[in-house]
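Summary of structural features
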Amino acid sequence: MTRRGFLATTAAALGLGVTRGSAAERFEISRSEAEWRAMLSNAEYRVMREEGTERAFTSPLNDEKRDGTFLCKGCELPLYASETKFDSGTGWPSFYQALPNAVETKPDRKLFVTRTECHCRRCGSHLGHIFDDGPPPTGKRHCINGVSLTFRPV
């Protein structure tokens, strides 16, 4: 068994998950690491491809109030309608619902507690996390890194 195989098997047995970009994950849009690095800033790459988090209150999209659509920065898939955006006070753009067939989720156990991570269903870019403390009608809060998004006004 190779070292990579051993580590992947051990991680799976411990419930730690496998990092994004593994051979098991296939997306409609895929790029090499070099292609992602060429198109993204260092901060965008860290968040979108390495599942990092941007600092709170740093994204201009947190204060975006116009009508429009928030798109994945990695592939331009429409992810969130502006009507579902709300001010959560957390410092990240927050939405109570994604557009249909836009995001996928997986368990995130990196902080010794299980959270729900969300990513773009088309290119796999990490977006943020979903929590159960949002407003009606869903009660969900999609806490999204602004560097993972672009905004298209109506």
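Everything discussed here concerns the structure shown above.
Residues numbered from 1 in each chain as written. Predicted model: local features only at pLDDT ≥ 70, side-chain atom pairs only at ≥ 80, totals over all residues. Heavy atoms only, no water.

1. Overview of the sheet that holds strand 3 (residues 85-86)
As a reminder of what qualifies: Following DSSP output, two strands are said to pair if at least two bridges run between them. A run of H or I in DSSP becomes a helix once it reaches four residues, and a run of E becomes a strand once it reaches two; helices and strands are each numbered from the N terminus.
Spatially, 3-4-8-7-6-5 is the arrangement adopted by the 6 strands of the open sheet, whose pairing is antiparallel. For this open sheet the edge positions go to strand 3 and strand 5 (103-108), each flanked by a neighbour on one side alone.

2. Regarding the pattern of salt bridges
In a structure, side chains of opposite charge can pair up when their charged atoms sit close to one another. Formally: Only one rule defines a salt bridge in this text: a Lys or Arg side-chain nitrogen within 4 Å of an Asp or Glu carboxyl oxygen. Think of it in three bands: residues with accessible area under 20% of the maximum for their type are buried, residues over 50% are exposed, and the middle band is partly exposed, with areas taken using a 1.4 Å probe on protein chains only.
In this structure the tally under the stated criterion is 13 salt bridges. Between Lys73 and Glu44 there is a salt bridge, with its nearest N and O atoms 2.8 Å apart. Of this pair, Lys73 sits in the loop between strand 1 (68-72) and strand 2 (78-81) while Glu44 sits in helix 3 (residues 42-48); the two residues are 29 residues apart in sequence, bridging distant segments of the chain. Taking relative accessible area as the criterion, Lys73 reaches 25% and is therefore assigned partly exposed. For Glu44, a relative accessible area of 14% translates into the label buried.

3. Section: the environment of Gln97
Here is the rule we go by: Contacts: residue pairs with any heavy atoms within 4.5 Å of one another.
By the secondary structure assignment, Gln97 is in the loop between strand 4 (94-95) and strand 5. Since its relative accessible area comes to 37%, Gln97 is described here as partly exposed. For the pair formed by Gln97 and Arg141, sequence separation is 44 residues and the distance between their alpha carbons is 7.6 Å. If sequence neighbours within four positions are ignored, Gln97 has contacts with Tyr80, Thr84, Thr138 and His142.

4. A closer look at the packing of aromatic side chains
So the rule is basically this: For Phe, Tyr and Trp, where Trp contributes only its six-membered ring, two rings pair if their centres lie within 6.5 Å, and the inter-plane angle classes them as stacked under 30 degrees, edge-to-face over 60, or tilted in between.
In total, this model carries 3 aromatic pairs according to the counting rule given. The interplanar angle of 70° and the centroid separation of 5.0 Å between the aromatic rings of Phe70 and Phe95 together place this pair among those described as edge-to-face. With Phe70 in strand 1 and Phe95 in strand 4, this pair connects stretches of sequence that are 25 residues apart. This pair shows no difference in class: Phe70 is buried, exactly as Phe95 is. Their ring planes at 20° and their centres at 4.3 Å tell us that Tyr80 and Phe95 sit as a pair that is stacked. Here Tyr80 is found in strand 2, whereas its partner Phe95 is found in strand 4, with 15 residues between them in sequence. Phe95 sits in the buried class, given a relative accessible area of 0%.

So yeah, pure geometry; function would need other evidence.
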